[in-house]
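Listed below, chain by chain, are the residues.
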Amino acid sequence: MTTSGGTVTIDSNDLASLTGAIDGTAGTVTLLVTADSSVASATLTDVVIDLESGVDLTLTYVQHALLGTGTDTNIVTLSGTAQNLTGNTSIESYVLASGTQTFTLGT
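Residues numbered from 1 in each chain as written. Predicted model: local features only at pLDDT ≥ 70, side-chain atom pairs only at ≥ 80, totals over all residues. Heavy atoms only, no water.

### What to know about the overall build of the protein
Each helix and strand in the protein was counted, giving one helix and eleven strands. Sequence-ordered secondary structure for the protein, helices as α and strands as β, is β-β-β-β-β-β-β-α-β-β-β-β. The buried share of the protein, taken over its 107 residues, is 36%. In the protein, once contacts between residues fewer than 6 apart in sequence are set aside, the share between residues at least 24 apart is 8%. Surface exposure of the protein reaches about 5,600 Å², of which carbon and sulfur atoms provide 50%. (Helix = DSSP H or I, 4+ residues; strand = E, 2+ residues; numbered from the N terminus. Buried < 20%, exposed > 50% of the residue type's maximum accessible area, 1.4 Å probe, protein only. Contact = heavy atoms within 4.5 Å. Areas by Shrake-Rupley, 256 points an atom, 1.4 Å probe, with all protein chains shown as cover.)

As structure tokens, then:
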């Protein structure tokens, strides 16, 4: 999906896995994740990922930079090659990928 401008909110509905490409370079795009899901196989460009309450999300370390807000209790699982990362303060818990890395608590 490529947006053509404006503000767009994409609701993940109850999908357990989101794949394909979402390109928000021509607008403001928010991916609202409303159920436990994985976006690790998706190609996301200029998208903000927001999590509803109680949602667990699997994403890559690169996609973590797109993470906007979480509500109440969320668990983010990071997949792929471990990298150094600063946590998002609105996320309650993280599950890190295997490997050497430095995780800094968000402030």
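Moving on from the coordinates now.
### So, the sheet that holds strand β10 (residues 93-95)
Spatially, β4-β7-β8-β10 is the arrangement adopted by the four strands of the open sheet, whose pairing is parallel. Each edge of the open sheet carries a strand with a single partner, namely β4 (37-38) and β10. Relative to strand β7 (residues 56-60), β4 runs parallel, the two sharing two bridges. Within the sheet, the bridge partner assigned to S37 lies in β7 and is L57. (Pairing = 2+ DSSP bridges.)

### Overview of unusual backbone geometry
Although it is not a glycine, D46 sits at a positive phi angle of roughly 50°. Looking at the element boundaries, D46 is found in the loop between β5 (42-45) and β6 (47-51). One non-glycine residue with positive phi stands out, namely D72, at about 60°. For D72, a relative accessible area of 58% gives the class exposed.

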